[in-house]
Amino acid sequence: MKRRKFIKLVCAAAAWPLPVAAQQSSERRVIGVLLPISSTAAARNLEALRAGLRGLGYTEDRNITLEARYADGAIERLPGLAAELVALKPSVIVAGSPPAVLAVRNITRTIPIVMNSSPDPVAIGLASSISRPGGNVTGFWWADKTLVGKRFGLLKELLPDAVRVAFLVHPDDPTDAEEIKEAPIAIQRSGSQRPYL
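Residues numbered from 1 in each chain as written. Predicted model: local features only at pLDDT ≥ 70, side-chain atom pairs only at ≥ 80, totals over all residues. Heavy atoms only, no water.

A. Up close: the overall build of the protein chain. Looking only at helices and strands, the protein chain features 7 helices and 5 strands. Going from the N terminus to the C terminus, the protein chain shows its helices and strands as α-α-β-α-β-α-β-α-β-β-α-α. (Helix = DSSP H or I, 4+ residues; strand = E, 2+ residues; numbered from the N terminus.)

Shown next, in the form of structure tokens:
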């Protein structure tokens with residue numbers, strides 16, 4: 001998935017609590033953004049977020065205020081920047097990395113937090129479980145080998161007669177390597193004869 005499309009999806013998730021309030025109030029809503037990188041490095045992503053929000057009817061000159069904080073690569077700055085954003089009482093905070101999500105979540109358990117990716121959110125304490133995450137963190141998570149079985153199960157439902165499955169992977173990505181190791185196990189657990197991989 002292209003980064004721009006991904007950010008648009010994130011902003012759609014981030015904006016979901018806003019429409020009813022936007023219709024009932026002319027007050028501008030604050031959307032916080034916490035990024036571990038510099039403003040220069042984040043410019044494309046932030047513009048994609050703005051474009052996605054515009055597509056949903058939210059613009060900075062009319063009904064939202066976008067407050068962004070950048071750690072400039074200094075992860076130790078994230079807790080202070082998170083505290084600045086939480087003090088603004090935003091409607092939602094979009095966090096651009098697992099350390100950013102943790103920094104915000106450690107300060108507030110009530111403001112919705114949208115993460116754009118994470119290692120296993122249960123393992124790092126962002127969710128109680130995958131099926132019932134609880135808490136105030138939502139977003140996207142795909143870097144886990146346990147999802148291979150779920151993906152294969154969906155594929156099997158859609159194409160029950162499939163005998164050949166292909167995976168598109170990056171050979172140097174450790175996440176992809178884990179998923180490839182898990183694929184034969186997931187296929188065996190499903191009771192299928194092993195298709196060619």
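B. Fine view of the sheet that holds strand 3 (residues 92-95). Pairing is parallel in the open sheet, where 5 strands are placed in the order 2-1-3-4-5. Every interior strand has two partners, whereas the edge strands, strand 2 (64-70) and strand 5 (137-139), have only one. Across the sheet, the mean angle from the axis of one strand to that of its neighbour is 25 degrees, orientation sign disregarded. Across 4 bridges, the pairing between strand 1 (residues 29-35) and strand 3 is parallel. Along strand 3, the bridge assignment pairs Gly-32 with Ile-93. Each of strand 1 and strand 2 touches helix 3 (residues 39-55); the most contacted strand, strand 2, lies at about 160 degrees to it. Packing of helix 4 (residues 78-87) onto the sheet brings it into contact with strand 1, strand 2 and strand 3, and relative to strand 1 it is tilted by some 175 degrees. (Pairing = 2+ DSSP bridges. Axes fitted to C-alpha atoms, helices over the stretch in contact; angles between N-to-C directions. Contact = heavy atoms within 4.5 Å.)

C. Inspection of the pattern of salt bridges at higher detail. Counting across every chain of the model gives 5 salt bridges. Here Arg-54 makes a salt bridge to Glu-47, at a shortest N to O gap of 2.9 Å. For Glu-47, a relative accessible area of 33% puts it in the partly exposed group. Across the pair Asp-72 and Arg-77 runs a salt bridge whose closest N-O atoms are separated by 3.3 Å. We classify Arg-77 as partly exposed; its relative accessible area is 36%. (Salt bridge = Lys/Arg side-chain N within 4 Å of Asp/Glu carboxyl O. Buried < 20%, exposed > 50% of the residue type's maximum accessible area, 1.4 Å probe, protein only.)

D. Geometry of the pairing of strand 2. Summarising the sheet, strand 1 and strand 2 pair through 7 bridges and their orientation is parallel. For Gly-32, the partnering residue across the bridge sits in strand 2 and is Glu-67. For the crossover that starts at strand 1, traverses helix 3 and ends in the parallel strand 2, the hand is right-handed. (Right-handed = clockwise from strand over helix to strand, strands pointing away.)

E. Here's a closer look at a nonpolar patch on the surface. Nonpolar side chains collect at one region of the surface, where Phe-167, Val-169 and Ile-180 lie side by side and expose about 220 Å² of accessible area between them. Looking at the element boundaries, Ile-180 is found in helix 7 (residues 174-189). (Patch = residues over 30% accessible without salt bridge, like charges linked within 9 Å, V, L, I, M, F, W, Y side chains within 5 Å. Areas by Shrake-Rupley, 256 points an atom, 1.4 Å probe, with all protein chains shown as cover.)

F. Representation of the pairing of strand 3. By the alternation rule, side chains of strand 3 split into Val-92 and Val-94 and Ile-93 and Ala-95, which are all buried. Pairing of strand 3 with strand 4 (residues 113-115) involves 3 bridges; the strand directions are parallel. Directly across from Ala-95, in strand 4, lies its bridge partner Met-115.

G. Highlighting the confidence of the model for the protein chain. Averaged over every residue, the pLDDT of the protein chain is 80; the share at 70 or more is 77%. Least confident of the elements in the protein chain is helix 2 (residues 18-24), whose mean pLDDT is 44; most confident is helix 4, at 98. With pLDDT under 50 throughout, residues 14-24 is counted as low confidence; its partners more than four residues away or in other chains account for 13 contacts. (pLDDT = per-residue confidence, 0-100.)

H. Quick peek at the nonpolar core. Membership of the largest hydrophobic core comes to 18 residues, with the highest contact counts inside it found for Leu-34, Leu-78, Ile-93, Val-101, Val-104, Ile-113 and Val-137. Elements supplying a minimum of two residues to this core: helix 4, strand 3, helix 5 (98-105) and strand 4. Leaving out residues up to four positions away in the same chain, Ile-93 has contacts with Gly-32, Leu-85, Val-86, Val-104, Ile-111, Pro-112, Ile-113 and Val-114. (Core = buried A, V, L, I, M, F, W, Y, C linked by side-chain atoms within 4.5 Å.)

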